[in-house]
Amino acid sequence: MAAPETISPRSPRVAAARRLARRNFRGKERLFLAEGPQAVREAAGHRTPAGEPTLTELFATPEAAERYADIVEAAHAADARVHLADETVIADISTTVTPQGLVGVCRFLDAPFDTIVAARPRLVAVLANVRDPGNAGTVLRCADAAGADAVVLTDASVDLYNPKAVRASVGSHFHLPVAVGVPVERAVAELRAAGVRVVAADGAGDDLDTELDAGTMGGPTAWIFGNEAWGLPEETRALADAVIRVPIHGRAESLNLATAAAVCLYASARAQRA
């Protein structure tokens with residue numbers, strides 16, 4: 001294994017990585033940044049739907065390269081270029097206030113929606129008009145934890161590869177198929193055709209506890225989650241087979257999007273196991 005090369009702050013590789021903080025460059029290059037040991041470790045062991053190694057490049061401080069020697073080894077095994085860089089270079093590339101010494105450049109990894117539907121999923125999270133990247137990444141993490149088969153981001157939702165979304169998912173980007181840019185009408189129609197019950201999560205719906213008691217939640221289910229500020233529009237709710245709300249038993253005004261998504265997804269996961 002060749003020793004990592006030490007990279008100059010003026011290297012074109014540093015400039016190219018820095019540009020990936022901007023959406024237009026990510027889309028043009030079909031590359032995004034993964035920061036920190038957890039995300040980079042997951043990226044190093046992952047392959048895109050096309051079968052290519054997801055991690056293409058790794059920037060690491062000497063201290064981080066020593067501390068996380070297993071990640072550097074995994075990056076080499078994935079044929080990624082590994083660069084040693086000082087903390088100023090890492091800070092220049094990173095989008096966090098306190099970088100952890102590792103930044104990976106990754107290929108896009110979203111899956112075709114057709115592939116997700118063809119796999120006959122039992123639990124899917126559909127993000128419709130979710131604009132906050134932190135919310136999107138956290139819902140992706142919740143879906144991963146609940147054992148969902150896939151996540152779908154509609155064409156009106158935030159960029160899957162926004163650095164804040166990648167950080168908020170804490171590596172879950174690399175754990176389950178995610179489709180992007182799917183019109184909500186298409187998502188609903190094709191999931192329903194695949195035998196999936198489509199449920200809209202909305203405060204104006206029926207009580208989740210009642211649905212669970214009635215035994216209606218045990219089949220394949222896709223949850224549609226909307227924008228935290230204004231929820232789901234009427235036309236989206238009308239597409240669903242049911243509209244269901246998380247009951248508020250205490251005095252809280254509401255739940256935030258990620259918390260509500262976790263409750264809904266875990267409720268479905270438990271009902272399906274039963």
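Keep in mind it's a predicted model, so treat the numbers as computed, not measured. Residue indices begin from 1 for each chain and proceed along its sequence in written order. Given that this is a predicted model, residues contribute local features only at a pLDDT of at least 70 and side-chain atom pairs are listed and counted only at 80 or more, while totals for whole chains, interfaces and linings are drawn from all residues. With hydrogens and water stripped out, all remaining heavy atoms of the structure feed into the side-chain values.

**Some words on the overall build of the protein**
Then step 1. Looking only at helices and strands, the protein features 13 helices and 11 strands.
Then step 2. The principal-axis extent of the C-alpha atoms belonging to the protein is close to 60 × 40 × 35 Å.
Then step 3. Evaluated residue by residue, the protein yields a buried proportion of 51% over its 274 residues.
Then step 4. The criterion used for residue contact is that any of the two residues' heavy atoms lie within 4.5 Å. Excluding contacts between residues fewer than 6 apart, the proportion of contacts in the protein whose partners are at least 24 apart in sequence is 82%.
Then step 5. Working note: accessible area of the protein is about 12700 Å², and carbon and sulfur atoms make up 49% of it.
Then step 6. Charge convention: Lys and Arg are scored as positive, Asp and Glu as negative, and His as well as the terminal groups of each chain are ignored. Charge positions are represented by NZ for Lys, CZ for Arg, CG for Asp and CD for Glu. Computed over 28 positive and 34 negative side-chain charges, the separation of the two mean positions in the protein equals 3 Å. What counts as a helix is a DSSP run of H or I of at least four residues, what counts as a strand is a run of E of at least two, and both are numbered from the N terminus. Per-residue accessibility, obtained with a 1.4 Å probe over protein chains only, is compared with the maximum for each type, and a residue is labelled buried under 20%, exposed over 50%, and partly exposed between these values. The accessible surface values rely on the Shrake-Rupley method and a 1.4 Å probe; as for residues, cover is taken only from the protein chains in view.

**A word on the pattern of salt bridges**
Then step 1. Definition used for salt bridges: Asp or Glu carboxyl oxygen within 4 Å of a side-chain nitrogen of Lys or Arg. Here the structure, examined in full by the defined rule, presents 13 salt bridges.
Then step 2. The salt bridge partner of R186 is D114, with a shortest N-O separation of 2.7 Å. Taken together, the residues span a long stretch of sequence, with R186 in helix α10 (residues 184-193) and D114 in helix α7 (residues 113-118) at a distance of 72 residues.
Then step 3. The exposure class of R186 is partly exposed, given its relative accessible area of 32%.
Then step 4. Take D114: its relative accessible area is 47%, and that puts it in the partly exposed class.
Then step 5. R192 is the salt-bridge partner of D241, the closest N and O atoms lying 3.0 Å from each other. In this pair, D241 is assigned in the loop between α12 (234-239) and β11 (242-245) and R192 in helix α10, connecting sequence segments 49 residues apart.

**Here's the deal with the environment of L140**
Then step 1. Within the secondary structure, L140 is located in helix α8 (residues 133-145).
Then step 2. For the pair formed by L140 and G231, sequence separation is 91 residues and the distance between their alpha carbons is 18 Å.
Then step 3. Not counting residues up to four positions away in its chain, the partners in contact with L140 are V151, L160, S169, S172, H173, L176 and V178.

**Quick word on the side chain of T61**
Then step 1. Note that T61 resides in the loop between β3 (55-60) and α4 (62-67).
Then step 2. Here T61 is in contact with L84, A85, D86, E87, I90 and G101, once residues within four sequence places are set aside.

**Comments concerning helix α5 (residues 69-77)**
Then step 1. Listed as buried for α5 are I71, V72 and A75. With its buried residues spanning 100 degrees around the axis, α5 presents them on a single face. Exposed and facing more than 90 degrees away from the buried side of α5 are E73 and A77.
Then step 2. Where α5 is buried, its residues contact α3 (37-44), β3, α4, β4 (81-84) and β5 (102-107).
Then step 3. Backbone geometry just after α5 places D79 at a positive phi near 65 degrees. Think of it as the arc spanned by the lines of direction from the helix axis to the C-beta atoms.

**Digging into the layout of surface pockets**
Then step 1. By volume, the largest pocket amounts to about 470 Å³.
Then step 2. Elements with a minimum of two residues in the lining of the largest pocket: β9 (197-207), β11 and α13 (257-273).
Then step 3. Amino acids outside the nonpolar list (Ala, Val, Leu, Ile, Met, Phe, Trp, Tyr, Cys, Pro) and the charged list (Asp, Glu, Lys, Arg) are all regarded as polar, and Gly is one of them. Residue classes in the lining of the largest pocket are distributed as 12 nonpolar, six polar and four charged.
Then step 4. We place a 1 Å grid over just the protein atoms. Points where a 1.4 Å probe fits but has no way out form a cavity, open points with protein on both sides within 12 Å along at least 5 of 7 lines form a pocket, and any residue with an atom within 4 Å of a point lines it. Grid points are joined across faces, edges and corners, and a volume is the space filled by probe spheres set on the points. Considering only enclosed or pocket space, the second largest pocket measures out at about 180 Å³ in volume.
Then step 5. Lining the second largest pocket are 16 residues, with E35, G36, A39, Q100 and R167 sitting closest to its centre.

**Observations concerning the packing of α3 against α5**
Then step 1. Where α3 meets α5, the axes come as close as 9 Å, and the angle between the chain directions of the two elements is 30 degrees. In terms of orientation, α3 and α5 fall into the roughly parallel class. Read as a crossing pair, α3 and α5 show a hand that is left-handed. Here P37, V40, R41 and A44 of α3 come into contact with α5, specifically with D70, I71, A74 and A75. Structural elements are reduced to axes, namely lines fitted to C-alpha atoms, with helices fitted over the stretch in contact, and the angle between N-to-C directions of any two is expressed from 0 to 180 degrees. Any angle between 65 and 115 degrees counts as roughly perpendicular, while under 35 counts as roughly parallel, over 145 as roughly antiparallel, and the rest as oblique. What makes a crossing left-handed is the near helix being turned counterclockwise from the far one by less than a right angle; a clockwise turn instead makes it right-handed.

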